[in-house]
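# Reading the structure
Now for the letters of each chain:
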Amino acid sequence: MIRKMITVGALGPLLFTAGAALAEAVEDTLVVNEDIEMTTRTDAPEHLSDALDEIMSGWHFRGTETRAMQADDFDNPGMIFVEQARDDWSEVVGTEGNSCASCHDEPESLAGVRAVYPKWNEAAGEVRTLEMQVNDCRENRMGAEPLKYTGGTMQAMIALISSVSRGMPVNVATDGPAESTWEEGKELYYTRTGQLELSCANCHEDNYGRMIRADHLSQGQINGFPVYRLKNTKLNSVHARFKGCVRDTRAETYKPGSPEFVALELYVASRGNGLSVEGPSIRN
Amino acid sequence: MAKGVRPRVKVPKTASAGEAITIKTLISHKMESGQRKDSDGNKIPRSIINRFTCDFNGENVIDVTLEPAISTNPFFEFEATVPETGEFQFTWYDDDGSVYETSKKISVE
């Protein structure tokens with residue numbers, strides 16, 4: 001009995017060390033299709049200078065196989081949805097006889113768009129996410145039903161729009177008319193919620209690189225969204241991820257597409273200003 | 001025919017004689033296991049790809065039996081030695097009787 005306890009005691013610290021080492025960001029570089037060089041770690045943007053020195057893509061916190069899957073479009077299951085969205089792109093829906101292609105030609109014409117969203121929309125007088133913009137097009141230009149915010153068809157379209165911006169640095173505007181929304185998002189980021197009283201920052205700023213139960217805590221960057229998750233084999237939206245995180249603090253969550261999550265998305269996106277657009281990326 | 005099924009293959013365009021090349025295949029398919037239930041408690045019937053084959057100039061390269069535990073969008077990566085210029089023929093067999101086919105030419109230099 002005594003011997004057994006000693007063994008356990010000796011193993012304990014060993015296991016702990018192994019776990020801690022695994023959780024840290026991995027040194028590696030991401031080149032997609034031997035062509036697109038991704039910036040997966042870089043200096044933190046100015047507004048984060050008090051909090052972080054370096055920002056890192058969630059890609060660095062994943063396993064070897066998962067990281068490799070993202071390096072080739074054929075291996076990346078997220079690209080299946082991009083292909084589906086390419087079909088949707090030129091399909092005429094709604095009462096106006098328009099498809100996405102009627103105005104935007106090829107999806108490639110939207111290169112660079114993902115990198116600057118969420119973005120202030122002057123006509124609407126609000127900050128808009130890509131999803132809101134897609135639905136605006138559907139409702140007002142195509143005369144079609146809006147798509148479900150976190151649904152498969154919508155996220156496939158977002159993945160297509162992201163995929164043509166891959167490798168470009170995220171660069172959302174935090175000043176000008178978007179500033180008040182950005183401030184609101186920042187407030188939400190640092191507000192503790194739920195029975196566990198956790199803010200986004202408690203995990204993703206204070207403790208990234210450590211384990212949270214069996215998983216690795218990343219910096220919570222959203223440059224890789226929509227994300228193909230191996231656990232549910234579909235594309236996951238930014239707002240669905242926010243909802244999951246808030247739920248895990250045991251709080252009532254905001255709704256995907258709500259003004260709170262739009263503000264939070266703008267702020268979190270700005271924390272990744274400088275990282276490459278990766279979407280659709282692979283995470284577990 | 002199950003919805004949204006599309007086969008994809010990746011084969012190099014050229015190879016040297018006798019070289020072992022890497023082939024990747026992916027087919028988008030739901031692979032419904034037959035073990036899940038819908039919201040009313042009724043069993044969702046099994047609907048999977050149950051067999052995958054690859055032939056080169058009529059000669060079999062690989063013949064796989066797939067079972068319900070295999071994930072959605074099954075992906076295969078395997079190697080083949082190419083003795084001569086020819087064509088790889090890929091075939092997937094669906095539970096519902098559908099057969100999905102695609103082929104890729106390769107030339108030996």
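Here, every reference points to the structure presented above.
Calculation rules
Position numbers for residues start from 1 in each chain and track the written sequence from start to end. Whichever chain is written first becomes A and whichever ligand is written first becomes 1, with later ones labelled in order. Given that this is a predicted model, residues contribute local features only at a pLDDT of at least 70 and side-chain atom pairs are listed and counted only at 80 or more, while totals for whole chains, interfaces and linings are drawn from all residues. Only hydrogens and water are set aside when side-chain values are computed; all heavy atoms of the structure are taken into account. Numbering of helices and strands runs from the N terminus, with a helix taken as a DSSP run of H or I at least four residues long and a strand as a DSSP run of E at least two residues long. Exposed residues in this analysis have more than 50% of their type's maximum accessible area, buried residues have under 20%, and partly exposed residues fall in between, with area computed by a 1.4 Å probe over protein chains only. Contacts between residues were defined by any pair of non-hydrogen atoms, one from each residue, lying within 4.5 Å. Areas reported here follow the Shrake-Rupley algorithm with a probe of radius 1.4 Å; residue values treat only the protein chains shown as occluding. Residues counted as positive are Lys and Arg, residues counted as negative are Asp and Glu, and His and the chain ends are not counted. Lys charges are placed at NZ, Arg charges at CZ, Asp charges at CG and Glu charges at CD. Here's the idea: put two parts together, see how much 1.4 Å probe accessible area each one loses, and the total over both is what we call buried area. For this analysis, a salt bridge means a side-chain nitrogen from Lys or Arg found within 4 Å of a carboxyl oxygen belonging to Asp or Glu. A 3.5 Å cut-off defines polar contacts: any pair of N or O atoms within that distance qualifies, except that in protein one atom must be a possible hydrogen donor and the other a possible acceptor, and neighbouring residues in sequence count only when both atoms are side-chain atoms. Note on residue categories: nonpolar means Ala, Val, Leu, Ile, Met, Phe, Trp, Tyr, Cys or Pro, charged means Asp, Glu, Lys or Arg, and polar means any other residue, Gly included. Multiplying 1.5 Å by the residue count of a helix minus one yields the expected span of that helix.

Turning our attention to the overall build of chain B. The helix and strand inventory of chain B stands at zero helices and eight strands. When the helices and strands of chain B are placed in sequence order, the string is β-β-β-β-β-β-β-β. In terms of its C-alpha atoms, chain B occupies a principal-axis envelope of roughly 60 × 20 × 20 Å. When the 109 residues of chain B are sorted by exposure, 38% land in the buried category. At a minimum sequence separation of 6, the contacts of chain B that also span at least 24 residues come to 58%. Only carbon and sulfur atoms are counted for the fraction: they give 47% of the accessible area of chain B, which is about 6100 Å². Taking the average place of the 14 positive charges on the side chains of chain B and the average place of its 17 negative ones, the gap between the two points comes to 8 Å.

In many analyses, interface size is given as the accessible surface area lost on bringing the parts together. With 11 residues of chain B in contact, the opposing surface of chain A contributes eight residues. With both sides pooled, the region where chain B packs onto chain A buries about 940 Å², and carbon together with sulfur makes up 52% of that total. Along the contact surface separating chain B from chain A lie six salt bridges. With its nearest N and O atoms 2.7 Å apart, the salt bridge here joins E83 of chain A to R6 of chain B. On inspection of chain B and its partner chain A, the count reaches five residue pairs in polar contact (both at pLDDT 80 or more). Secondary-structure elements contributing two or more residues to the side of chain B that touches chain A are strand 1 (6-10) and strand 3 (19-28) of chain B. Tallied by class, the residues present in the side of chain B that touches chain A amount to three nonpolar, four polar and four charged.

Residues and elements named next belong to chain A. Spanning 12 residues, helix 7 (residues 152-163) covers 16 Å between terminal C-alpha atoms, matching the ideal 16 Å at 1.5 Å per step. Counting buried positions along helix 7 gives 10 out of 12 residues, so the element sits mostly inside the fold. Within helix 7, burial applies to M154, Q155, A156, M157, I158, A159, L160, I161, S162 and S163. Packed against the buried residues of helix 7 are helix 3 (78-89), helix 4 (100-104), helix 5 (113-116), helix 6 (130-142) and strand 10 (234-236).

The values are spatial; any link to function lies outside them.
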